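Coordinates in review
Here is what each chain is made of, one letter per residue.
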Amino acid sequence: MNSKVLILSHPKLTHVVEQVLSGMEQPSEVIIKDVGFGGAIDFLNRHLETIMPNIIVTGGAHWGMLQRSDYSPNVPVIPIPVTRYDLLQAALQACQYGKRIAVILYEDELGDCQDVVKDLDCECSFFTFSTTDEASSLIQTLKESGTEVIIGAGLICALSEKFQLPSVLIHSKDSIMKIIEHVDRLETARLDIARTAQKWSMEFMKHPITYDVESHTANSNSFPPHLLPQRLKSESLENMEILEQFLFNRRISTLFKREMSIANINPFINDDYPFISFGALLCNEGKNSIIPFLEKFEQTEEARAFYVFKEGECRVVLLTKHERTSEFLNKELKSVRNSKSDALYGGFSFSSVTKEEFSSEEKLSNKIYEAKVALELSKMGAVSDPVCVLEPSTPLSIIFQIIQQSGGLEPNLLIPLFGHRNTDKLLYTLRLLLDHGLSITAVANHLGTSRQTVYGLMQRIESLVGLLTDPEKRFSLSLELRMLEMSRAIENVSGDQKHVEPAFQIV
């Protein structure tokens with residue numbers, strides 16, 4: 001599997017990136033595209049499907065505008081941050097041109113790095129801008145007031161040259177090298193997981209695991225007692241009764257505008273929409289945040305949605321023309337969730353042939369159960385997308401089947417982390433380290449703490465489980481952590497718990 005990285009850049013930054021790449025051995029194919037100010041979204045709209053990258057890397061105004069817009073590409077976007085080291089080295093270089101220095105960055109890109117230059121023998125002032133005209137006017141004013149040198153990203157450096165002011169690019173080679181190394185680690189981990197999932201998929205095709213709701217034993221000791229999934233209890237209900245129970249006991253006949261002519265005909269079996277999936281959506285703001293998503297989905301004429309609300313939760317029966325709907329679900333729900341302050345979560349079972357799902361009570365119950373587990377995973381933050389869909393042959397789906405079949409695996413590597421005062425914090429930090437390719441900076445930014453604090457936690461974790469430099473150990477730890485998350489989700493659904501805590505809490 002080949003990996004492709006797209007860097008949205010500026011000519012000034014491109015020169016530095018090319019210098020860094022020339023001295024590195026990167027496993028990914030790197031494509032650099034210079035994009036003008038404010039043109040990142042338009043460029044991605046026109047070229048994303050042609051380039052088909054696995055990761056997008058960008059910084060400065062490009063990153064800020066992407067973050068503030070409703071645009072949501074279907075691949076991860078990694079920012080090039082401005083670090084304290086970047087500002088320090090840029091200031092030291094700027095001192096060679098003069099003592100009166102202005103640092104100009106897009107909106108709040110700088111963060112809290114200003115104090116790093118307070119002891120230098122120079123006068124540093126900090127400014128922000130939102131538009132090109134605003135930046136030009138600011139630079140002209142600074143020049144007239146005696147500023148001798150400008151520090152900024154590519155656009156600011158280019159504008160400074162027009163006003164005949166010396167400029168220094170704020171991004172250092174060191175930070176560019178670290179972000180490229182971080183991206184390579186992420187892509188290596190993604191490819192490892194993809195290969196493993198493919199291997200597992202082939203094994204399961206040879207030896208398929210069937211859904212047996214009675215196969216899990218309550219006495220299983222595969223996980224710590226408070227994380228053990230409870231046995232899913234089967235109930236002797238007819239198909240329609242099972243479905244009505246899922247829909248908060250709403251009568252099926254009330255969901256259809258047209259009168260059902262023959263009572264015995266299943267109204268959900270429709271040749272135009274032959275696939276069915278079950279879902280649950282949750283939002284603190286209630287149904288006003290969810291209905292636009294459902295209506296937008298139906299407007300495509302790719303689906304018909306039947307839904308019922310109760311106490312902020314929405315239960316959905318979705319009839320679709322095509323089997324794979326997860327990408328569309330996530331794209332549309334992201335646009336709804338990004339426009340709201342409160343979190344919006346969703347879980348759906350994977351689409352399957354409607355006639356097959358209604359062929360037995362067990363199949364129908366399992367599909368509904370699968371949707372509820374997927375919602376719990378979404379609420380826990382165990383998946384990156386707003387909607388969790390347990391698609392066949394994916395790692396999450398395979399883990400779900402394993403736990404349903406045998407209760408999971410023994411958490412041998414994680415055992416030393418249990419029983420401590422800060423066990424939850426250690427588990428949460430370990431998950432972040434594994435997900436971010438052991439990047440201390442990325443984990444510190446995510447936790448909102450210092451790199452030194454993360455170093456301390458990492459040293460504590462490695463003192464208990466061993467060094468994390470071994471790829472096999474990292475994969476095994478990641479697998480056990482996901483087992484724990486899945487087990488907690490299953491326990492919450494089986495126990496019918498309304499309030500769900502995150503899988504790992506920071507204490």
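Above this text sits the structure in question.
Owing to the predicted nature of the structure, the values given are computational and were not obtained by experimental measurement.

This part covers the overall build of the protein chain. Per the secondary structure count, the protein chain includes 17 helices and 14 strands. When burial is assessed residue by residue, the protein chain has 49% of its 507 residues classed as buried. In the protein chain, 69% of the contacts between residues at least 6 apart in sequence involve partners at least 24 apart. About 25,200 Å² of surface is accessible on the protein chain, with carbon and sulfur atoms providing 49% of the total.

With that settled, the discussion passes to the pattern of salt bridges. If you walk through the whole model with that rule in mind, you get twelve salt bridges. Here R46 makes a salt bridge to D42, at a shortest N to O gap of 3.0 Å. Residue R46 and its partner D42 are located together in helix α2 (residues 40-51), separated by four residues, close to a single helical turn. Overall, the relative accessible area of 43% leaves D42 in the partly exposed class. With a shortest N-O distance of 2.2 Å, E485 and R431 are connected by a salt bridge. Here R431 lies in helix α14 (residues 423-435) and E485 lies in helix α17 (residues 471-494), a separation of 54 residues in the sequence. Taken as a pair, E485 and R431 share a single burial class, namely buried. Residues joined by salt bridges that share partners form a network here, namely R431, D435, R482 and E485.

With that out of the way, let us pick up the packing of helix α5 (residues 132-144) against helix α6 (residues 154-162). Where α5 contacts α6, the two axes come as close as 10 Å, and the packing angle between them is 50 degrees. Comparing the axis directions of α5 and α6 gives the class oblique. Classified by chirality, the crossing of α6 by α5 is right-handed. Mapping the contact onto sequence places T132, A135, S136 and I139 in α5 and L155, I156, L159 and S160 in α6. For the contact of α5 with α6, the per-class residue count stands at five nonpolar, three polar and no charged.

Our focus in this paragraph is the sheet that holds strand β3 (residues 55-59). With parallel pairing, the four strands of this open sheet are ordered in space as β2-β1-β3-β4. Taken across any chain shown, the strands that pair with only one partner, and hence form the sheet edges, are β2 (29-34) and β4 (77-80). Going from strand to strand, the sheet's axes swing by 25 degrees on average, the running direction of each strand aside. By the bridge criterion, four bridges tie β3 to β4 in an arrangement that is parallel. Within β4, the position partnered with V57 by the bridge is I78. Packing against the sheet, helix α1 (residues 11-22) makes contact with β1 (4-9), β2 and β4, and its axis sits at approximately 160 degrees to β2. Across the sheet, α2 lies against β1, β2 and β3, angled at about 160 degrees from β1, the strand it touches most.

Here is what the cut-offs are and how they apply
Each residue is numbered by its place in its chain's sequence as written, counting from 1. In view of the model being predicted, local features appear only for residues whose pLDDT reaches at least 70, and side-chain atom pairs are presented and counted only at 80 or more, with totals across whole chains, interfaces and linings using the full set of residues. Side-chain measures here rest on the full set of heavy atoms in the structure, leaving out hydrogens and waters. Starting at the N terminus, helices and strands are each numbered in turn, a helix being any DSSP run of H or I of at least four residues and a strand any DSSP run of E of at least two. Using a 1.4 Å probe on the protein chains alone, a residue whose accessible area is under 20% of its type maximum counts as buried, one over 50% counts as exposed, and one in between counts as partly exposed. Contacts between residues were defined by any pair of non-hydrogen atoms, one from each residue, lying within 4.5 Å. Surface accessibility follows the Shrake-Rupley procedure with a 1.4 Å probe radius. Residue values consider only the protein chains on display as shielding. Between Lys or Arg on one side and Asp or Glu on the other, a salt bridge is scored when a side-chain nitrogen of the former is within 4 Å of a carboxyl oxygen of the latter. Axis geometry follows a simple rule: fit a line to the C-alpha atoms, using only the stretch in contact for helices, then measure angles between N-to-C directions, giving values from 0 to 180 degrees. Should an angle fall under 35 degrees it is called roughly parallel, over 145 degrees roughly antiparallel, and 65 to 115 degrees roughly perpendicular, with every other angle called oblique. Should the near helix be turned counterclockwise from the far one by less than a right angle, the crossing is left-handed, whereas a clockwise turn marks it as right-handed. When residues are sorted by character, Ala, Val, Leu, Ile, Met, Phe, Trp, Tyr, Cys and Pro go into the nonpolar class, Asp, Glu, Lys and Arg into the charged class, and all the rest, Gly among them, into the polar class. Think of it this way: DSSP has to see at least two bridges between two strands before they count as a pair.

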